[in-house]
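Breakdown of the fold
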Amino acid sequence: MAGYSGKKIRLGEALVLSNTITEEQLEKALEVQKGSGKRLGEVMIDQGLITEETIAQVLSAQLGYPVVDLQGVELTPDIKALIPSSVLKKNKMIPIEYAENNMNILRVVMADPQDLDAMDDVSIITGCQVEPLIATPRNIMVALDRIYGSTEVASALEEYAKERFGDDEEDEAINEDINNSPIVVLVKEMIEKAARQRASDIHIEPLEKSVRIRYRIDGSLYEKGRYDIKILPAMSARIKIIGGMDISEKRKPQDGRITQMVDRTEYDIRVSILPTVYGEKTVMRLASKTALNREKSQLGFKENELKQFDHILKNPHGIILVTGPTGSGKSTTLYTALSELNTEDVNIITVEDPVEANIDGINQVHVNPKAELTFASALRSILRQDPDIIMIGEIRDQETASIAVQASITGHLVVSTLHTNSSSSTVTRLEDMGIEPYLIADSVVGVIAQRLVRRLCPNCKREKLATEDEKELLGADPEEELKIYEPVGCMQCDMMGYKGRIGVYEILEMTSELKKIISKGGDADMIKEQAIKDGMHTLRMSAAEYVRSGITSFHEAMKVSFDT
């Protein structure tokens, strides 16, 4: 086969030779692999020893095939029509072009360039020899979704229409064999595509004559497809089946839960179904078990903020609060703090609704109001479990707030979240909940208010001069010439102009001056003024820094700091 070197390398040996892993680590991985039915590379990725990118680089160095980035790669219609997408997905590969001046050699990007069976499949289907190139499995699957996704959906829907609506059947007539229908493929692929595109939510919305599918990516909704309204009852029924809901109930809201593996990552999907005028609207919230467990360096803290974060976490007791609206990354910050504090010599207990990610070595309690296990009742029981650190998913009422304050004063470290707009208004919110100002001053050791802003795509962002209004809002000198960036949109960011998000933080660390103001019942403005004197950067200051350094746009910064 053209381009195939013929030499077969063993991945484990290659990783040891390149000093990526040690002999001991390889032996342990081989031990785990026995009887697991997994490939060695998958086992080592699961163990956190290597990444998909590492495997690609090592294979490239050993075999001499280049690593290709498939972002933005487009296929010509003749290349796209060569091989069925089902064959490409099964083998994790994608043909991208013919070799220069030779239509008999097809260049194919592969996750495993040593898979001779896959190459044979391509040769038999196309009559071409294969020249392998390398990319990570995830990179290939994302490209396959992007390039072949809409045609796959169209064919599944055609098949469904032939099966179901040959004779103008009623919308409600959902056959019992729905488990074997193309709808199963459609729902499964919808979830897979959303996960690969980093979506946090999938919206399935019935309109008058169509069903609109939208994904929330980096906080904004993007339309990803429209189907015939006739498809809706079957889609809803399929989601209800896998979500453990009542398939016959169409008039009441329902909640369910789905677990699905996508590219070897487990996703916990919370489903909400709501009856609307044109049918049932479904929203699926995707949460990967690994996404919440991050290194603190990945949260987007600036150097000074990281020092403050570390300093607050060193408190042996007191309350640390993380605040912000829904979807601002509070849970991720909390879990990161817990992972940081999770050492052998402390007993950490959490009470959550629901438990969002499992962490080894931490005792996690799931709130269950039906069994009379509320935040408050769970907290009372937890205090009898000799805890050092308590995490409360959210302080929602006076009772929970009161127990949290008492626990912190009696020598426990309590971390929790609150829905407030800024760090200073968090103090007044606790007062509104009926907590005495002197107790707040005594117990709260730090408040972290946060938001998420979208990062500008580094490939296509465009430079521009800031206007006078923009300079004023960014706190810049009106006389200075300030260059900022705006979004454009390219193939690498799916024409969004943005790619990924970063945290914007306002960290209030309790000082003796602040304690005096809070004890005397000072309002949010007085607290904010003193905190700024003590060195706090407000959300607007932090967001403005990101605009000046070209990480985000002015529009994004204003969205998150409009009221601060």
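Given the structure is predicted, the values throughout are model-derived calculations rather than measurements.

In this model, the chain carries an average pLDDT of 87, and 93% of its residues clear a pLDDT of 70 or more. Throughout residues 1–5 the model reports pLDDT below 50, and contacts reaching past four residues in sequence, or to other chains, amount to 20 contacts. Contacts for the low-pLDDT stretch residues 167–180, under 50 throughout, to residues beyond four places or in other chains number 21 contacts.

Strand order in the open sheet formed by 7 strands is S12-S11-S13-S14-S10-S15-S18, and the pairing between neighbours is mixed. The open sheet is flanked by strand S12 (363–366) and strand S18 (498–509), the only strands paired with a single partner. Direction aside, neighbouring strands of the sheet carry axes that sit 20 degrees apart on average. Pairing analysis gives 4 bridges linking strand S11 (residues 348–352) to strand S13 (residues 389–392), with the strands arranged parallel. Across the sheet, residue Val351 finds its bridge partner in S13, namely Ile392.

The next point concerns the side chain of Ser408. Mapped onto the elements of the fold, Ser408 is located in helix H14 (residues 398–409). Other than its neighbours up to four places away in sequence, Ser408 contacts His317, Gly318, Ile319, Val414 and Ser443.

Next up on the list: the side chain of Lys471. With respect to the element layout, Lys471 can be found in helix H17 (residues 468–473). Lacking a salt bridge, the buried Lys471 has Glu468 as its closest oppositely charged neighbour, with an N-O distance of 6.6 Å. For Lys471, the residues in contact, after removing those within four places along its chain, are Ala466, Ala476, Asp477, Pro478, Glu480 and Leu482.

Another point: unusual backbone geometry. The residue Asp218 is not glycine, and still its phi comes out positive at about 50 degrees. As for its placement among the helices and strands, Asp218 is situated in the loop between strand S5 (210–217) and strand S6 (220–228). By relative accessible area, Asp218 is classed as buried at 10%. Backbone geometry at Asp386 places phi at a positive 50 degrees, although glycine is not the residue there. Relative to the elements of secondary structure, Asp386 occurs in the loop between helix H13 (375–382) and S13. What makes Asp386 exposed here is its relative accessible area of 62%.

Attention now moves to helix H19 (residues 524–533). Of the positions making up H19, those classed as buried are Ile527, Gln530 and Ala531. Looking straight down H19, one finds that the buried residues subtend no more than 100 degrees of arc, so they occupy a single side. Facing away from the buried side of H19 by over 90 degrees, the exposed positions are Asp525, Glu529 and Lys533. Of the surrounding secondary structure, the elements contacted by the buried residues of H19 are helix H15 (423–432), S18 and helix H18 (512–519). Of the residues one or two after H19, Gly535 is the one with positive phi, at around 105 degrees.

This part covers the packing of aromatic side chains. In the structure shown here, the tally under the stated rule is 2 aromatic pairs. Three or more aromatic residues joined by ring pairs form one cluster here, namely Phe301, Phe309 and Tyr505. Over the ring of Tyr546 we find Lys302, and its NZ or CZ is 4.2 Å from the ring centre.

Looking now at the pattern of salt bridges. Per the stated rule, a full pass over the model turns up 33 salt bridges. Of the charged contacts, one joins Arg10 and Glu13 as a salt bridge, the two residues approaching to 3.6 Å between their closest N and O atoms. A salt bridge links Lys89 to Glu189; the shortest N-O distance between them is 3.3 Å. Within this pair, whereas Lys89 is found in helix H6 (residues 85–91), its partner Glu189 is found in helix H9 (residues 182–196), the two being separated by 100 residues in sequence. Here Lys89 and Glu189 have matching classes, each one buried. Put simply, Lys89, Arg138, Asp145, Lys188, Glu189, Glu192, Lys193, Arg196 and Asp263 are held in one network by salt bridges that share partners.

Once that is clear, we can look at the sheet that holds strand S2 (residues 102–110). Strand order in the open sheet made by the 3 strands is S1-S2-S3, with mixed pairing throughout. Lying at the two open borders of the sheet, with one neighbouring strand each, are strand S1 (93–99) and strand S3 (129–134). When the angles between neighbouring strand axes are averaged without regard to direction, this sheet yields 30 degrees. Sheet analysis places S1 next to S2, joined by 6 bridges and oriented antiparallel. Of the residues in S2, the one forming a bridge with Pro95 is Val108.

Time to look at the nonpolar core. One finds Val351, Ile392, Leu430 and Leu508 to be the most contacted residues of the largest nonpolar core, which totals 37 residues. Counting residues in each nonpolar core, the second largest holds 35 residues, with Ala194, Ala195, Ile204 and Ala234 among its members.

What follows is about a negative patch on the surface. Residues Glu468, Asp469, Glu472, Asp477, Glu479 and Glu480 make up a contiguous surface patch of negative charge. With respect to the secondary-structure elements, Glu479 resides in the loop between H17 and strand S17 (483–486).

Among the secondary structure elements, Asn91 is positioned in helix H6. By relative accessible area, Asn91 is classed as buried at 14%. When the C-alpha atoms of Asn91 and Arg251 are compared, they prove to be 43 Å apart, with 160 residues separating the residues in sequence. Those residues in contact with Asn91 that sit more than four places away from it in its chain are Asp115, Ala118 and Asp121.

Time to look at the packing of H9 against helix H10 (residues 232–243). At their nearest, the axes of H9 and H10 sit 10 Å apart, and the two run at 70 degrees to each other. Considered as vectors, H9 and H10 are oriented roughly perpendicular to each other. As for the relative orientation of H9 and H10, their crossing is right-handed in sense. Between H9, through Ile183, Val184, Leu186, Val187 and Met190, and H10, the contact on the second element is made entirely by Ala234, Met235, Arg238, Ile239 and Ile242. In the contact of H9 with H10, the residues fall into 9 nonpolar, no polar and 1 charged.

Conventions we followed
Residues numbered from 1 in each chain as written. Predicted model: local features only at pLDDT ≥ 70, side-chain atom pairs only at ≥ 80, totals over all residues. Heavy atoms only, no water. pLDDT = per-residue confidence, 0-100. Contact = heavy atoms within 4.5 Å. Pairing = 2+ DSSP bridges. Helix = DSSP H or I, 4+ residues; strand = E, 2+ residues; numbered from the N terminus. Axes fitted to C-alpha atoms, helices over the stretch in contact; angles between N-to-C directions. Buried < 20%, exposed > 50% of the residue type's maximum accessible area, 1.4 Å probe, protein only. Lys, Arg positive; Asp, Glu negative; His and termini not counted. Salt bridge = Lys/Arg side-chain N within 4 Å of Asp/Glu carboxyl O. Arc of directions from axis to C-beta. Phe/Tyr/Trp six-rings, centres within 6.5 Å; stacked < 30°, edge-to-face > 60°. Lys NZ or Arg CZ within 6 Å of the ring centre and 35° of its normal. Core = buried A, V, L, I, M, F, W, Y, C linked by side-chain atoms within 4.5 Å. Patch = residues over 30% accessible without salt bridge, like charges linked within 9 Å, V, L, I, M, F, W, Y side chains within 5 Å. Areas by Shrake-Rupley, 256 points an atom, 1.4 Å probe, with all protein chains shown as cover. Charge placed at Lys NZ, Arg CZ, Asp CG, Glu CD. Parallel < 35°, antiparallel > 145°, perpendicular 65-115°, else oblique. Left-handed = near helix turned anticlockwise from the far one by under 90°. Nonpolar A, V, L, I, M, F, W, Y, C, P; charged D, E, K, R; others polar.

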